[in-house]
Structure formats: C-alpha cells, structure tokens
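Below, each chain spelled out in residue letters.
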Amino acid sequence: MMPPHIVLRVVSKLLIPFIVVFGFYVHFHGDYSPGGGFQAGVILAAAVILYALIFGVDAAKKAVPPSWVRIGMALGGLIYAGTGIVTLLMGGDFLDYDVLHPDLSHKSGQHIGIMCVELGVLTTVTCVMLAIFYAFAGRTPDISDEDW
Amino acid sequence: MANLDLTQYLDYALIAMLVVVGIAIIRMKNLFAIVMLTGTYSLLSAAWFVSLDAVDVAFTEAAVGAGISTVLMLGAMLLTARDCKPEGKARHIVALLVVVITGAALLYALGDMPIYGDPNSPVNAYVGMDYVAMTPNDINVPNIVTAVLASYRGFDTLGETFVVFTAGLGVALLLGLGGRKEEEN
C-alpha cells in the first residue's frame, strides 16, 4: 500500500534540511542580521516538530531522543552561566566578555562571548520547545488519516 | 515624505486584517479553524512588525506565534473536543463589559502616547540612544539588538533563558517528557 500524504512526505523531506541550515544561519549570523539564539532555537525545534507531524512522533523521538532533550534543557542554562563563570575566572566581571580574547581593538572577546551565550539560549530554547511538544504529543493519539 | 505615507497605508491594511481575523475567531465554533486563524493572526502581526522596522520582534512572532504555538494548540486540541460549547448570554455581557472598559481605558491613555517615530519619545531619548552610540565602540557588532540582548543586558537574558527552562521543567513535571513508553518496555 502506498503511504498516505506522499506529497507532504516528499516536500518536507526536501525542506527539513534547509530549515535546519537556516536555523543555524540565524544563530551564527545573529551579530549581523535579525535573529539570534532564541529565534534559531525555535526554528530548529520547528524542523523537528514538522518531521514529527509528517513521519510520526516515534520517528522524531528516534532522531532526537527525549533523553537528549531533557539534558539539553539544563545544558543550555549551564553554557550561559558557565560563560559568566569563565569571565569571572579570567579576571573580569560576570558576563564581561572583553577578557575572553586579548584583541580589544576588534572586540573579539565580545564576539566570542555573545556566540557562547547565544549557544546556551539556542540549546535551552530548542530543547524546551521539543520537550513541551513531546509532552503533548505523548498524550495524543496519532492524527488519523480522516482528520487531515 | 511620500514614501512614509505609502507604508502608513500598508499598516492600516494590516491592522484592518488583524481586526477581521479577530472577529472571525470570536464568531467561529470549530476549534481547528480557530487554531489556524490564531496562526494567521500571528503571521499578520509579524508582517506588521516588519513594516514598523521591528524585524527581530517580527521574526520571533512568526516563529513562535505562527509556528510553535499553533502546533502546541493543535496538540492540546486533539486532547479535547473539536467544537466549543455555546455559552449563555450572561457570559457574553460580562465579556463585552470587560472589553468595553479596557478599550475605553486604552483610548483614554492614547493621548499620552508619543507619535510614531517621535525622536523625543522616552524610548528614543534616553538609554536607547546611548546604546546606538556606544555599540560600534563597545561591542563592534552591526546588530544593536543582539548587542543589547547578549552583552549590555546579558544578565537579563540569562534570567530569560532560565524562565524558558522553568517553563519546560513545569510541563515536564506535570505531563512527563513523553518518554514513558520506552521506559516501561
């Protein structure tokens, strides 16, 4: 038997890699263009959720296991606060990124610091969005074909 | 000035569409259609934010409002009925009263709002201008929003990250993470 929604499956299979790449672009280009860790995290989560909607929650849980999501939720906060601790240990104030890199004329320390804390935001936001989705989806029966 | 006038009409059109979608949401009884319309509402407001040059806000609204929250509402809807029950007339009158009073208060406060783009408004006059002036020297990042969020106000964003974490933790504690099936086997 042919699997249902063949158009949706083919199109989303093609689109999901681009959505993920766009999410990382939004994250790493956040210094220069709109966006940042939060928006990128939501886009990455949306890519996984789209996968779950089309191919089923179980397939998505195989790709991104709930245990990773559980760890990632806390890990993001740890990365963010850890950046602050590192700046403290390097002799600056909490979250004072200037000490991270000696090149003060180009403010490289600020760039590194912003990237690190945004990485923390990205991790937490992606994982929390997925955790909430998994929590809801785990209680719902899969959408039957008549309801599409 | 001619360019400015044109975008102004785009704003009016978008706001009018927001009102139409809002009224449609109130009048509908089918929850699936209502969830889809709230997604449309978010997408329209995102377009409006772009027109107001608040691109970062528009980005977030489109991703969170039109994307994630629509899916979460659909997930929540599958747990309940597909149509909402008709309410009694008394509830309509209370709701109308609340809306009218809030609307009147907002209209009353409208006189104190600065005109759109007013350079002397509190947002543009004090610390905002300092950030615009200082970012090229302090942070050397073209996107000032990122500079404010991640560096000047890094401590606030740390708090926000933990707010998001707490939200996830709350849902996980109440509903579990959906990983129970594997654990049982």
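Our subject in this report is the structure included herewith. (Residues numbered from 1 in each chain as written. Chains lettered and ligands numbered in written order. Predicted model: local features only at pLDDT ≥ 70, side-chain atom pairs only at ≥ 80, totals over all residues. Heavy atoms only, no water.)

### Brief notes about the pattern of salt bridges
Residue and element names in this part refer to chain B.
Then, number 1: The tally for this structure, following the rule as stated, stands at 2 salt bridges over all chains.
Then, number 2: A salt bridge links D156 to R153, with the nearest nitrogen and oxygen atoms 3.7 Å apart.
Then, number 3: Given the relative accessible area of 36%, R153 is considered partly exposed. (Salt bridge = Lys/Arg side-chain N within 4 Å of Asp/Glu carboxyl O. Buried < 20%, exposed > 50% of the residue type's maximum accessible area, 1.4 Å probe, protein only.)

### Some remarks on the environment of M17(B)
Then, number 1: Topologically, M17(B) is positioned in helix 1 (residues 2-27).
Then, number 2: Spatially, the C-alpha atom of M17(B) lies 35 Å from that of V127(B), the residues being 110 residues apart in sequence. (Helix = DSSP H or I, 4+ residues; strand = E, 2+ residues; numbered from the N terminus.)

### A few points about unusual backbone geometry
Then, number 1: Despite not being glycine, L95(A) shows a phi value in the positive range, around 65°.
Then, number 2: Among the secondary structure elements, L95(A) is positioned in the loop between helix 4 (66-89) and helix 5 (108-137).
Then, number 3: The exposure class assigned to L95(A) is buried, which follows from its relative accessible area of 7%.
Then, number 4: Look at D53(B): it is not a glycine, yet its phi comes out positive at around 70°.

### Quick look at the interface of chain B and chain A
When the parts of a complex come together, some accessible area is lost, and that lost area is often taken as the interface size.
Then, number 1: The partner chain A presents 52 residues to the 42 residues of chain B that form the contact.
Then, number 2: Between chain B and chain A lies a buried interface of about 4,100 Å² when both sides are counted; carbon and sulfur atoms form 74% of it.
Then, number 3: At the junction of chain B with chain A, the criterion picks out 12 residue pairs in polar contact (both at pLDDT 80 or more).
Then, number 4: Those elements that place two or more of their residues in the side of chain B that touches chain A are helix 3 (55-78), helix 6 (127-138), helix 7 (144-152), helix 8 (154-175) and helix 9 (180-184) of chain B.
Then, number 5: Per-class residue counts for the side of chain B that touches chain A are 23 nonpolar, 14 polar and 5 charged. (Contact = heavy atoms within 4.5 Å. Buried area = accessible area lost by both parts, 1.4 Å probe. Polar contact = N/O pair within 3.5 Å; in protein donor to acceptor, adjacent residues only side chain to side chain. Nonpolar A, V, L, I, M, F, W, Y, C, P; charged D, E, K, R; others polar.)

### Examining the environment of E61(B)
Then, number 1: Residue position: E61(B) is located in helix 3.
Then, number 2: For E61(B) and F49(B), which are 12 residues apart along the polypeptide, the C-alpha to C-alpha distance reads 8.8 Å.

### Some words on the side chain of T126(A)
Then, number 1: With respect to the helices and strands, T126(A) occurs in helix 5.
Then, number 2: Setting aside residues up to four positions removed in sequence, T126(A) forms contacts with G41(A), L44(A) and A45(A).

### As for the packing of aromatic side chains
Then, number 1: Counting across every chain of the model gives 10 aromatic pairs over all chains.
Then, number 2: Here Y131(B) and Y152(B) contribute two aromatic rings whose centre-to-centre distance is 4.7 Å and whose plane-to-plane angle is 40°, an arrangement assigned as tilted. You can see Y131(B) sitting in helix 6 and its partner Y152(B) sitting in helix 7, a full 21 residues away along the chain.
Then, number 3: Between K61(A) and the ring centre of Y134(A), over which it is positioned, the NZ or CZ distance is 5.6 Å. (Phe/Tyr/Trp six-rings, centres within 6.5 Å; stacked < 30°, edge-to-face > 60°. Lys NZ or Arg CZ within 6 Å of the ring centre and 35° of its normal.)

### What about the nonpolar core?
Then, number 1: By size, the foremost hydrophobic cluster in this structure holds 40 residues, and its most contacted members are V69(A), L130(A), F133(A), Y134(A) and I68(B).
Then, number 2: Elements supplying a minimum of two residues to this core: helix 2 (37-55), helix 3 (57-63), helix 4 and helix 5 of chain A together with helix 3, helix 7 and helix 8 of chain B.
Then, number 3: If sequence neighbours within four positions are ignored, L130(A) has contacts with A45(A), V48(A), I49(A), V64(A) and V69(A).
Then, number 4: By size, the runner-up hydrophobic cluster in this structure holds 7 residues, among which are L18(B), I25(B), I34(B) and L44(B). (Core = buried A, V, L, I, M, F, W, Y, C linked by side-chain atoms within 4.5 Å.)

### Things to note about the side chain of H111(A)
Then, number 1: Among the structural elements, H111(A) can be located in helix 5.
Then, number 2: Within the local environment of H111(A), its side chain forms a polar contact with the side chain of D31(A), the two groups lying 3.4 Å apart.
Then, number 3: Ignoring anything within four residues of it in the chain, the contact list for H111(A) reads D31(A), Y32(A), H106(A), I139(B), N140(B) and V141(B).

### Quick look at the state of the cysteines
Then, number 1: Per the stated rule, a full pass over the model turns up 0 disulfides over all chains.
Then, number 2: Free cysteine: C116(A), not disulfide-bonded; nearest cysteine sulfur from C127(A) at 17 Å. (Disulfide = S-S within 2.5 Å.)

### Re the environment of P122(B)
All names here are of chain B.
Then, number 1: Relative to the helices and strands, P122 resides in helix 5 (residues 122-125).
Then, number 2: For P122, a relative accessible area of 55% puts it in the exposed group.
Then, number 3: As for P122 and G170, which are separated by 48 residues in sequence, their C-alpha atoms are 37 Å apart.

### Describing a nonpolar patch on the surface
Then, number 1: Taken together, the side chains of I6(A), V7(A), V10(A), V11(A) and L15(A) define a hydrophobic patch exposed on the protein surface, amounting to about 430 Å² of accessible area.
Then, number 2: Along the polypeptide, L15(A) turns up in helix 1 (residues 6-28). (Patch = residues over 30% accessible without salt bridge, like charges linked within 9 Å, V, L, I, M, F, W, Y side chains within 5 Å. Areas by Shrake-Rupley, 256 points an atom, 1.4 Å probe, with all protein chains shown as cover.)

### As for the packing of helix 1 of chain A against helix 2 of chain A
Residues and elements named next belong to chain A.
Then, number 1: Two elements in contact, helix 1 and helix 2, have axes separated by 8 Å at closest approach and are oriented at 165°. In terms of axis orientation, helix 1 runs roughly antiparallel to helix 2. In terms of crossing hand, the pair formed by helix 1 and helix 2 is left-handed. Here helix 1 contributes L8, R9, S12, K13, I16, I19, V20, F22, G23, F24, V26 and H27 to the contact with helix 2, which in turn contributes G37, Q39, A40, I43, L44, A47, L50, Y51, I54 and F55.
Then, number 2: Grouping the constituent residues of the contact of helix 1 with helix 2 by class yields 15 nonpolar, 5 polar and 2 charged. (Axes fitted to C-alpha atoms, helices over the stretch in contact; angles between N-to-C directions. Parallel < 35°, antiparallel > 145°, perpendicular 65-115°, else oblique. Left-handed = near helix turned anticlockwise from the far one by under 90°.)

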